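Topology and contacts: notes
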Amino acid sequence: MTEMSLSLSDAPNACADAWKSIDWKQAEIHVKRLQMRIAKAFRAGKHGKVKSLQWILTHSFYAKALAVKRVTDNSGAKTPGVDNITWRTPKQKMQAVLSLKRRGYKAQPLKRIYIPKKQKDKLRPLSIPVMHCRAQQALHLLALEPVSEMMSDKNSYGFRPLRSTADALGQCFLNLCRSVNAEYILEGDIKSCFDTISHSWLLKNVPTDKRMLQEWLSADYMEKGELYSNESGTPQGGPISPTLLNVTLSGLEKAVDAVTKRSDRVNVIIYADDFIITGKTKEVLENKVKPVVEKFLGERGLVLSKEKTKITHINEGFDFLGVNTRKYRNGKLIQKPSKDSVKRFMKEFRETVKQNQAVTTEILIRLLNQKLIGWANYYRHYCSKVTFGKIGKQLFPILWRWAKQRHRRKGSFWILNKYFRTKINHRWQFFTKIKDKDSKISYLDLVQIAHTPIRRHVKIKSDATPFDPAYEKYFRIRQTRRKEKRLFFPCKSQWSPWWEIKIGGNLQ
């Protein structure tokens, strides 16, 4: 389905009805079929056919509809660009689908905002496109993604479909757990990666519509009412930027392998702009690997951060993606939450409690449950039982202080009876009573993170990609098994699935 007769001037009800009548399952099948053909043509070296199929995909009605659906359903859909326009109603979404045209397209300026980084007193620039530009990027991302998947290194895990940080950390464990594995690790971090990528390199090497790419890269940004030009980098905030980064870093693994041999025990693991490279000795990483990495990045306008790039021995341990990996005296490799990650979580937990001093207990518990469940879900694949227990013990004084400040004239025994109850598996359970639609009273408990079960993550095959028919059965089985896994948290008076706990918002 490549076109639709409905025009922008049709009645509002017609546009709304057209959006609601879209068969999304059929749309996904249609787009996936074209993406598989693009990937197949790229593997065969038929670059002319790749370009033709990308043109067909970006002019398909179903692809345009999926692009609009993506930018209107994600968490940033309510954040407008410089034009202060968002698409919320079915009519607006359908009109947006019909307005996605290549002819006459001109990228509008970006809205520059700053968000806090992990480091103290540091901010990360974020450039937000208008909704129309976001939809155009999402549309062309559908055509670029199958090609970027074929180009990406096998051990690159960031911003790729059906891959996660757990896969990157799983590969890290496999490359370091045995006694014959490498003992030194080059911790790499690219300085201001998104902001310094060479425009000329992207336009020359990214297999996508060059005119559209030029529009996005050269778009100015607006900050505090003033317009500034953009001469390098790909702005963070656009749907296509992460994939452009993956294309930029594709080939790093091959470049490193070309100057090393098998006995050097060199392995590359990449997640977005962070990567680690293992090596048998410090000299191998310092003299062979690091110069090649610097040259590879220099061709793309990138440089390594001198502050964060270092070589570490496995016995000292290193932090990667919020997880500390270290081999102890008994030769056992252990992965557990990093100290910095625990500190950030506890700081965020305290700030949430402090900022919600006046809200009801039910709202507070829902907010805290969301944070606890999200954090536990991320770290449940590692040796986190002790850390979960320590965090659980630190929560009580924070909540007790919150309750005491709300009721300064009440005694401790009164506060204890109002906010805490005794359960079979926990004595000081923070809770509140809630009513359902039938006015039936039940308990809403704070999640006990200490009772989170540890379940190992099965790493994805390094060569697997959803755009290769050879792995279609593999991903189908993997997705089925993933749905069958159930993570349990104690709520009410018995063990219940975490998704049955009444909470608000989306989980990480």
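Look up a bit, the structure's there.
Reading the values: rules and limits
Residues numbered from 1 in each chain as written. Predicted model: local features only at pLDDT ≥ 70, side-chain atom pairs only at ≥ 80, totals over all residues. Heavy atoms only, no water. Pairing = 2+ DSSP bridges. Helix = DSSP H or I, 4+ residues; strand = E, 2+ residues; numbered from the N terminus. Axes fitted to C-alpha atoms, helices over the stretch in contact; angles between N-to-C directions. Contact = heavy atoms within 4.5 Å. Parallel < 35°, antiparallel > 145°, perpendicular 65-115°, else oblique. Left-handed = near helix turned anticlockwise from the far one by under 90°. Nonpolar A, V, L, I, M, F, W, Y, C, P; charged D, E, K, R; others polar. Expected span 1.5 Å × (residues − 1). Bend = angle between axes of the 7 residues up to and from the residue. Buried < 20%, exposed > 50% of the residue type's maximum accessible area, 1.4 Å probe, protein only. Core = buried A, V, L, I, M, F, W, Y, C linked by side-chain atoms within 4.5 Å. Polar contact = N/O pair within 3.5 Å; in protein donor to acceptor, adjacent residues only side chain to side chain. Salt bridge = Lys/Arg side-chain N within 4 Å of Asp/Glu carboxyl O. Patch = residues over 30% accessible without salt bridge, like charges linked within 9 Å, V, L, I, M, F, W, Y side chains within 5 Å. Areas by Shrake-Rupley, 256 points an atom, 1.4 Å probe, with all protein chains shown as cover. Lys, Arg positive; Asp, Glu negative; His and termini not counted. Charge placed at Lys NZ, Arg CZ, Asp CG, Glu CD. 1 Å grid on protein atoms, 1.4 Å probe; cavity = no way out; pocket = protein on both sides within 12 Å on 5 of 7 lines; lining within 4 Å. Points joined across faces, edges and corners; volume = space filled by probe spheres on them.

So, the sheet that holds strand E8 (residues 310-313)
Here we have four strands laid out as an open sheet, ordered E6-E7-E3-E8, and antiparallel in their pairing. Looking at strand neighbours, the two that pair on one side only are strand E6 (267-271) and E8, the edges of this open sheet. In this sheet, adjacent strand axes meet at a mean angle of 20 degrees when their direction is disregarded. One ladder, built from five bridges, connects E6 with strand E7 (residues 274-279); its direction is antiparallel. From the neighbouring strand, Ile 270 faces E7, where its bridge partner is Phe 275. This element, helix H7 (residues 165-176), spans strand E3 (184-189), E6 and E7 of the sheet and lies at about 165 degrees to E6.

A closer look at the packing of helix H2 (residues 24-43) against helix H4 (residues 61-73)
Running from N to C, H2 and H4 cross one another at 115 degrees; their axes reach a closest spacing of 9 Å. With respect to H4, the axis of H2 lies roughly perpendicular. Here H2 and H4 pass one another in a crossing that is left-handed. Within the contact between the two elements, H2 uses Trp 24, Gln 26, Ala 27, Glu 28, His 30 and Val 31 and H4 uses Tyr 62, Ala 63, Ala 65, Leu 66 and Lys 69. When the residues that make up the contact of H2 with H4 are grouped by side-chain class, the tally is seven nonpolar, two polar and two charged.

Looking at helix H13 (residues 282-298)
Under the 1.5 Å per step criterion, the end-to-end length of H13 is 23 Å for 17 residues, consistent within 8% with the ideal 24 Å. Taking the largest bend as the criterion, H13 deviates by roughly 40 degrees, centred on Val 289, and proline Pro 291 comes between one and four positions later. Within H13, the full set of buried residues consists of Val 284, Leu 285, Val 289, Val 292, Val 293, Phe 296 and Leu 297. Looking at the buried side of H13, the elements it contacts are E3, helix H11 (241-249), helix H12 (252-258), E7 and E8.

As for the sheet that holds strand E2 (residues 123-128)
Spatially, E2-E1-E4-E5 is the arrangement adopted by the four strands of the open sheet, whose pairing is mixed. This sheet does not close on itself; its edge strands, each paired only once, are E2 and strand E5 (226-228). Across the sheet, the mean angle separating the axes of adjacent strands is 40 degrees when strand polarity is ignored. With two bridges connecting them, strand E1 (residues 110-116) and strand E4 (residues 221-223) associate as parallel partners. The partner of Lys 111 across the bridge, within E4, is Met 222.

Considering the pairing of strand E10 (residues 323-327)
Across the five residues of E10, four count as buried, placing the element largely inside the fold. Bridging between strand E9 (residues 318-320) and E10 involves three bridges; their strand directions are antiparallel. Pairing of Asp 319 across the sheet is with Asn 324, part of E10. The hairpin turn running from E9 into E10, its antiparallel successor, is two residues long, and Leu 321 in that turn takes a positive phi close to 60 degrees.

Regarding the nonpolar core
Core analysis: the biggest nonpolar cluster contains 95 residues, and Ile 277, Val 289, Val 293, Phe 320 and Phe 430 have the highest contact counts within it. In this view, Ile 277 contacts Tyr 184, Ile 185, Leu 186, Val 256, Val 266, Asn 267, Val 268, Leu 285, Val 289 and Val 293; residues no more than four positions away in its chain are not counted. Membership of the second largest hydrophobic core comes to 34 residues, among which are Cys 15, Ile 38, Ala 67 and Val 68.

Section: the pairing of E3
Across the six residues of E3, five count as buried, placing the element largely inside the fold. With six bridges joining them, E3 and E7 adopt antiparallel strand pairing. Residue pairing in the sheet places Ile 185 in a bridge with Thr 278 of E7.

Details of the side chain of Thr 234
With respect to the helices, strands and loops of the structure, Thr 234 is situated in the loop between E5 and H11. Thr 234 sits in the buried class, given a relative accessible area of 1%. In this structure the side chain of Thr 234 is engaged in a polar contact, spanning 3.1 Å, whose partner is the side chain of Ser 241. Setting aside residues up to four positions removed in sequence, Thr 234 forms contacts with Phe 194, Ile 197, Leu 217, Ser 241 and Leu 244.

Focus on the pattern of salt bridges
Where side chains of opposite charge bring their charged atoms close, a pairing between them can arise. Inspection of every chain in the model, using the stated rule, returns 10 salt bridges. Between Lys 288 and Asp 264 there is a salt bridge; the shortest N-O distance is 3.2 Å. Placement of Lys 288 in helix H13 and of Asp 264 in the loop between H12 and E6 is noted, with a sequence separation of 24 residues between them. Across the pair Arg 300 and Glu 299 runs a salt bridge whose closest N-O atoms are separated by 3.5 Å.

Digging into the side chain of Ser 198
Note that Ser 198 resides in the loop between helix H8 (193-196) and helix H9 (199-205). Taking the relative accessible area as the measure of exposure, Ser 198 reaches 18% and is therefore buried. A polar atom in the side chain of Ser 198 sits 3.3 Å from the backbone nitrogen of Trp 201. Residues contacting Ser 198, with those up to four places away along its chain left out, are Arg 300 and Gly 301.

Here's the deal with a positive patch on the surface
Side chains of Arg 326, Arg 329, Lys 336, Lys 339, Lys 343, Lys 390 and Lys 393 sit close together on the surface and give a patch of like positive charge. Mapped by element, the contributors of at least two residues to the positive patch are helix H14 (339-355) and helix H16 (385-406). Tracing the backbone shows Lys 339 in helix H14.

Quick look at the layout of surface pockets
Considering only enclosed or pocket space, the second largest pocket measures out at about 430 Å³ in volume. Lining the second largest pocket are 15 residues; nearest its centre among them are Lys 32, Leu 162, Pro 466, Glu 472 and Phe 475. Residue assignment for the lining of the second largest pocket shows that the elements contributing at least two residues are H2 and helix H18 (472-484). Here the element with the most residues in the lining of the second largest pocket is H18; it accounts for four residues. For the lining of the second largest pocket, the residue count by class is eight nonpolar, two polar and five charged.

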